[in-house]
Amino acid sequence: MTISIVIPVYNVQGYLEACLESIINQSYKDIEIILVNDGSTDRSIEICEKYISVDSRIKLIHKENGGQSEARNFGIKEAVGEWLTFIDADDYVTSDYVEYLYTLIQEYSADISIGSFTYVTKNKNTDHSTGEVTVMDTETAIKRMLLNDGYDMGVWAKMYRTEYFKKNNFPVGKLFEDSLTTYEVIAESKKVVLGSKSIYYYVNRSDSTVNSSFNMKKFDLIEMNLKNEIFIKTKFPNLSLAAHRRVIWAYFSTLNQLIVSNDKKVIDKYGPDLITYLLSQGNFILKNSFVPLRDKIGYCFLKLFGIRGYKSAWTTYLRITR
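Just so we're clear, the structure is a prediction, and the values are computed from it rather than from any experiment.

Novice: Looking at this structure, I do not really get the overall build of the chain. What am I missing?
Specialist: If you tally the helices and strands in the chain, you get 12 helices and 10 strands. Rg of the C-alpha trace for the chain: 20 Å, near the compact-globule value of 20 Å for 322 residues, within the 12% margin. Seen through its C-alpha atoms, the chain measures out along the principal axes to roughly 60 × 45 × 35 Å. Within the chain, the fraction of its 322 residues that count as buried is 53%. The contacts in the chain between residues at least 6 apart in sequence include a share of 78% that link residues at least 24 apart. In the structure as shown, the chain presents an accessible area of about 14,500 Å², 52% of it carried by carbon and sulfur atoms. The average position of the 39 basic charges and that of the 39 acidic charges among the side chains of the chain differ by 8 Å.

Okay, structure coming up:
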């Protein structure tokens, strides 16, 4: 059974070799590796071509720069495998990544399998796996993802029926595209299996989408989660509160990215609207047990000490955790 792996590639010359080495050495051999060059201007293309010369399973697609969503969509169109997984070119995986996810699907007759990951920073690696193995119906799987209960909406470290993505493409031109698409895809399934084993290494790099300087595209996170809230309320009305929790998370996350930019003009311009919304959600944040303690504390700091007090608390939190 051929399994397709889609990897968008854009200016990742310092990470790409580690990624490709981890993929070509998979214990499960029947894979097609689809590299989508999204207009790279560094040595990424050269590295891709080097690996093509030694592994016939690799296919390289060239396109003008259009963002990760569009690159993934291009790769999906080329996928011939019945099953599909995504890996980001600045990350890497364990040698049994494909085998583990596919074995879960076979063993439990599932439509989607989910693994866990290790968060890699300059100073330490943090393993997020728990060892849990659980079979879920669609609504349960979406609820746990909304609440970040054991896994989140990241499209990587999961395996899907390819047909689901033929019907649900990523929104072109948007950042944080998996904040909507992963939910839409899981909604297509009937059975999802979680195997909380660390098989994916998520590398935190300073020039990534999340860590790059603040710009208006960062507001895509809020837009994607607002659209997802509408989708969830329509399709799974019992999960409306959990979906709204993701919207609040998106506002907090956008505010946090704004703060770490240290650009006073930008903070003064965009901060007030974000803060006004979050303060308006006080009752929801404080009364619902599924809202993380971090968000509850963040709300209290905003209410009591304003943006300066919140910024001080957030930067302290980052120093401790990262």
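Novice: How should the packing of aromatic side chains be read in this particular structure?
Specialist: Per the stated rule, a full pass over the model turns up 19 aromatic pairs. Centre to centre, the rings of Phe86 and Phe165 are 5.0 Å apart; their planes meet at 70°, and the pair counts as edge-to-face. Of this pair, Phe86 sits in strand 4 (residues 83-86) while Phe165 is found in helix 6 (residues 162-167), placing the two residues 79 residues apart along the sequence. Side by side, Phe86 and Phe165 carry an identical accessibility label, which is buried. A centroid spacing of 5.1 Å and a plane angle of 25° characterise the contact between Trp314 and Tyr317, whose relative ring orientation is stacked. Of this pair, Trp314 and Tyr317 both sit in helix 12 (residues 293-321), three residues apart, which is roughly one turn of the helix. Taking the relative accessible area as the measure of exposure, Trp314 reaches 10% and is therefore buried.

Novice: Please clarify how the packing of helix 1 (residues 16-24) against helix 2 (residues 44-52) should be interpreted in this entry.
Specialist: Helix packing geometry: the angle between the two helix axes and the distance between the axes. The N-to-C vectors of helix 1 and helix 2 enclose an angle of 25°; their axes lie 10 Å apart at closest approach. Judged on the interaxial angle alone, helix 2 and helix 1 are roughly parallel. The two elements helix 1 and helix 2 cross, and the hand of that crossing is right-handed. Residue-level contacts link Leu16, Glu17, Leu20, Glu21 and Ile24 of helix 1 to Ser44, Ile47, Cys48, Lys50 and Tyr51 of helix 2. Here the residues of the contact of helix 1 with helix 2 sort into six nonpolar, one polar and three charged.

Novice: What's the story with the environment of Leu221 in this structure? I'm lost.
Specialist: Checked against the element boundaries, Leu221 lands in helix 8 (residues 220-235). What makes Leu221 buried here is its relative accessible area of 2%. Through-space distance from the C-alpha of Leu221 to that of Glu177 is 7.9 Å; in sequence the pair is 44 residues apart. Excluding its chain neighbours within four sequence positions, the residues that come into contact with Leu221 are Phe176, Ser179, Trp249, Ala250, Ser253 and Thr254.

Novice: When you look at the pairing of strand 9 (residues 158-161) in this model, what are you seeing that I'm missing?
Specialist: Every other side chain in a regular strand lies on the same face of the sheet, so the side chains alternate between the two faces. In the sheet, strand 4 pairs with strand 9 via three bridges, with the strands oriented antiparallel. Bridge pairing in strand 9 places Leu84 opposite Tyr160. With three bridges connecting them, strand 6 (residues 112-120) and strand 9 associate as antiparallel partners. Note that in strand 9 the partner of Ile114 across the bridge is Lys158.

Novice: I would appreciate a short explanation of the pattern of salt bridges in the present structure.
Specialist: Pairs can form between side chains of opposite charge once their charged atoms are near each other. Evaluation of the coordinates by the stated rule reveals 20 salt bridges. Between Glu177 and Arg72 there is a salt bridge; the shortest N-O distance is 2.5 Å. Here the residue Glu177 occupies a position in the loop between helix 6 and helix 7 (178-186), and Arg72 occupies one in helix 3 (residues 68-78), the gap between them amounting to 105 residues. Taken individually, Glu177 and Arg72 each receive the classification buried, so the pair is uniform in this respect.

Novice: Any chance you could explain unusual backbone geometry here in plain terms?
Specialist: What is expected of a backbone is that most residues other than glycine have negative phi and most peptide bonds are trans. Positioned with a positive phi, Ala157 is a non-glycine residue whose angle comes to about 60°. Tracing the backbone through its elements, the reader meets Ala157 in the loop between helix 5 (138-146) and strand 9. Under the relative-accessibility criterion, Ala157 is labelled buried at 2%. A positive phi angle, near 55°, is found at Asn262, a position not held by glycine. With respect to the helices, strands and loops of the structure, Asn262 is situated in the loop between helix 9 (240-260) and helix 10 (264-280).

Rules used in this analysis
- Starting from 1, residues in each chain are numbered consecutively following that chain's sequence as written.
- In view of the model being predicted, local features appear only for residues whose pLDDT reaches at least 70, and side-chain atom pairs are presented and counted only at 80 or more, with totals across whole chains, interfaces and linings using the full set of residues.
- Computation of side-chain values: all heavy atoms of the structure, hydrogens and water removed.
- Elements are defined by DSSP. Helices are runs of H or I of four residues or more, strands are runs of E of two residues or more, and each kind is numbered from the N terminus.
- Radius of gyration here is computed from C-alpha atoms only, and the compact-globule reference equals 2.2 Å multiplied by the residue count raised to the power 0.38.
- Think of it in three bands: with a 1.4 Å probe and only protein chains considered, a residue is buried below 20% of the maximum accessible area for its type, exposed above 50%, and partly exposed in between.
- We call two residues contacting when some pair of their heavy atoms lies within 4.5 Å.
- Values of accessible area rely on a 1.4 Å probe in the Shrake-Rupley scheme; residue burial ignores everything except the protein chains shown.
- When charges are tallied, Lys and Arg are placed among the positive residues and Asp and Glu among the negative ones, while His and the ends of the chain are skipped.
- Each charge is placed at NZ for Lys, CZ for Arg, CG for Asp and CD for Glu.
- Only rings of Phe, Tyr and Trp enter the pairing, Trp through its six-membered ring, and a pair is recorded when the two centres are within 6.5 Å. The plane angle decides the type: under 30 degrees is stacked, over 60 is edge-to-face, the rest tilted.
- Fitted lines through C-alpha atoms give the axes, limited to the stretch in contact for helices. The angle between two N-to-C directions lies from 0 to 180 degrees.
- Working rule for angles: under 35 degrees goes down as roughly parallel, over 145 as roughly antiparallel, 65 to 115 as roughly perpendicular, anything else as oblique.
- It is the rotation of the near helix from the far one that decides the hand of a crossing: anticlockwise by less than a right angle makes it left-handed, clockwise makes it right-handed.
- Polarity classes work like this: nonpolar for Ala, Val, Leu, Ile, Met, Phe, Trp, Tyr, Cys and Pro, charged for Asp, Glu, Lys and Arg, and polar for all others, with Gly in that last group.
- When DSSP finds two or more bridges between two strands, those strands count as paired.
- Just to be clear on terms, a salt bridge is a Lys or Arg side-chain nitrogen sitting within 4 Å of an Asp or Glu carboxyl oxygen.

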